[in-house]
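Here is how the chains run, residue by residue.
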Amino acid sequence: MTGSVRKARRGSWTAAQLRELPATTDVETAGSALGMGLWKARALIRDGQFPVPVIRHGCRYIVPTRPILALLGVEPADVDGPVRTG
């Protein structure tokens, strides 16, 4: 992936846009992909009810992308492909 992923409007992400997300993303992007706003996403995380795993990293939260894809029924682009570096 080159550059940054262009964020779609809340709830209007395409499968291609979802596949372009990095391995982890922020709460705002994860919430948007799942059709919710930032305030709702934060409230669900606070209550332990966010629909995918969330990792607390210091005072930040990060969300793995694969569980988002699985929840939405989107196959990752690199299911069996080799990891490419450089």
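Predicted model, so just to flag it, every value in this text is computed and none were measured.

### Things to note about the pattern of salt bridges
Working step 1: Evaluation of the coordinates by the stated rule reveals one salt bridge.
Working step 2: Asp 47 is paired through a salt bridge with Arg 46; the nearest N and O atoms lie 3.9 Å apart.
Working step 3: The exposure class of Arg 46 is exposed, given its relative accessible area of 63%.

### Comments concerning the pairing of strand E3 (residues 60-64)
Working step 1: Sheet analysis places strand E1 (residues 24-26) next to E3, joined by three bridges and oriented antiparallel. Bridged to Thr 24 within E3 is Pro 64.
Working step 2: Counting the residues that bridge the hairpin from strand E2 (residues 55-57) to E3 gives two residues, and of these Gly 58 lies at a positive phi of roughly 65°.

### Focus on helix H3 (residues 38-46)
Working step 1: Where H3 is concerned, the buried positions are Ala 41, Leu 44 and Ile 45. Down the axis, H3 shows its buried residues gathered within 100° of arc, on one side only. Facing away from the buried side of H3 by more than 90 degrees, the exposed set consists of Trp 39 and Arg 46.
Working step 2: Where the residues of H3 are buried, they touch helix H2 (27-33) and E3.
Working step 3: In the stretch just after H3, Gly 48 is the one whose phi turns positive, near 70°.

What counts, and where the lines are drawn
Residues numbered from 1 in each chain as written. Predicted model: local features only at pLDDT ≥ 70, side-chain atom pairs only at ≥ 80, totals over all residues. Heavy atoms only, no water. Salt bridge = Lys/Arg side-chain N within 4 Å of Asp/Glu carboxyl O. Buried < 20%, exposed > 50% of the residue type's maximum accessible area, 1.4 Å probe, protein only. Pairing = 2+ DSSP bridges. Helix = DSSP H or I, 4+ residues; strand = E, 2+ residues; numbered from the N terminus. Arc of directions from axis to C-beta. Contact = heavy atoms within 4.5 Å.

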